[in-house]
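Geometric and topological summary
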Amino acid sequence: MIMNVRTTQGQQFIDITREVQKFVEQDGLQDGFVVVYVPHTTAAVTINENGDPAVVRDIIATLNKVFPVQGDYTHFEGNSHAHIKASLLGSSCTVPVENGKLQLGTWQSIYFCEFDGPRQRKVHLKTVSGR
Ligand code: ZN
């Protein structure tokens, strides 16, 4: 299944946990994994804290400190910072599913990570059955 994500800022984390859980329920998977895959070179997916929004803010701020938007880059598009952040965070994550439920920790959410927005983005979701 391909899910559309509309980002509204240059850099932004969007919590997609609810959509991934809904996909697992519609798919009917009881035991196995769900793979979340981002087919973009300037966006990523990561799992991190949902309790305090300051955590996401701090991650983005620190990435910008280490990889500033304007830096000593040579890539002609001028968005090297976004490519680097996307590679660091990664293009996929895998979450175990038990009894039809994502096995995330209490404070974990799945975040779509935009680094070169705003854009219309895609996320691939795929279940894998298994114990
Ligand atoms: Zn580029």
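This text follows the structure it describes.
Residues numbered from 1 in each chain as written. Predicted model: local features only at pLDDT ≥ 70, side-chain atom pairs only at ≥ 80, totals over all residues. Heavy atoms only, no water.

The next subject is the pattern of salt bridges. Under the defined criterion, the tally for this structure stands at five salt bridges. The salt bridge partner of R131 is D31, with a shortest N-O separation of 3.6 Å. Taken as a pair, R131 in the segment after β8 (120–129) and D31 in the loop between α1 (17–27) and β3 (32–37) lie far apart in primary sequence, 100 residues in all. R131 sits in the exposed class, given a relative accessible area of 92%. Judged by its relative accessible area of 18%, D31 is buried. Salt-bridge contacts for R119 lead to D116; the nearest nitrogen and oxygen are separated by 2.7 Å. (Salt bridge = Lys/Arg side-chain N within 4 Å of Asp/Glu carboxyl O. Helix = DSSP H or I, 4+ residues; strand = E, 2+ residues; numbered from the N terminus. Buried < 20%, exposed > 50% of the residue type's maximum accessible area, 1.4 Å probe, protein only.)

Under the 1.5 Å per step criterion, the end-to-end length of helix α2 (residues 54–66) is 18 Å for 13 residues, consistent within 8% with the ideal 18 Å. The secondary structure elements touched by the buried residues of α2 are β2 (12–15), β4 (43–49), α3 (80–89) and β7 (108–114). (Expected span 1.5 Å × (residues − 1). Contact = heavy atoms within 4.5 Å.)

Bringing the nonpolar core into the picture now. Counting residues in hydrophobic clusters, the biggest one holds 20 residues, and the most contacted among them are I16, V20, V34, V36, L102, I110 and V123. Those elements that place two or more of their residues in this core are β1 (2–6), α1, β3, β4, β5 (92–98), β7 and β8. Look past the residues within four positions of V123 in its chain and what remains in contact with it is M1, I2, M3, V5, I16, V36, Y37, V38, P39 and F112. Ranked by size, the runner-up nonpolar core spans ten residues in total, among them F13, A44, A82 and Y111. (Core = buried A, V, L, I, M, F, W, Y, C linked by side-chain atoms within 4.5 Å.)

Here the focus is the sheet that holds β7. Strand order across the open sheet formed by three strands is β2-β7-β4, with antiparallel pairing between neighbours. Looking at strand neighbours, the two that pair on one side only are β2 and β4, the edges of this open sheet. Pairs of neighbouring strands in the sheet enclose a mean axial angle of 35°, with direction left out of account. Of the strands in this sheet, β2, β4 and β7 touch α3, which is tilted by about 50° from β4. (Pairing = 2+ DSSP bridges. Axes fitted to C-alpha atoms, helices over the stretch in contact; angles between N-to-C directions.)

Each protein donor to the zinc ion is listed here as H75 (NE2), E77 (OE), N79 (OD1) and H83 (NE2); together their distances run 1.8 to 2.2 Å. Here the zinc ion binds four donor atoms, and the angle range of 90 to 143° at the metal identifies the geometry as irregular. In primary-sequence terms, the residues that donate to the zinc ion follow H-x1-E-x1-N-x3-H. (Donors = N, O, S within 2.8 Å, 3.2 Å for Na, K, Ca; no water. Tetrahedral: all angles 85-135°; square planar, octahedral: opposite > 155°, others 65-115°.)

Moving on, we get to the packing of aromatic side chains. Taken as a whole and assessed by the stated rule, the structure comprises two aromatic pairs. Geometrically, the ring pair formed by F13 and Y111 is tilted, given 6.0 Å between the ring centres and 40° between the ring planes. One end of the pair, F13, is in strand β2; the other, Y111, is in strand β7, and 98 residues separate them in sequence. The buried category is assigned to F13, whose relative accessible area is 11%. (Phe/Tyr/Trp six-rings, centres within 6.5 Å; stacked < 30°, edge-to-face > 60°.)

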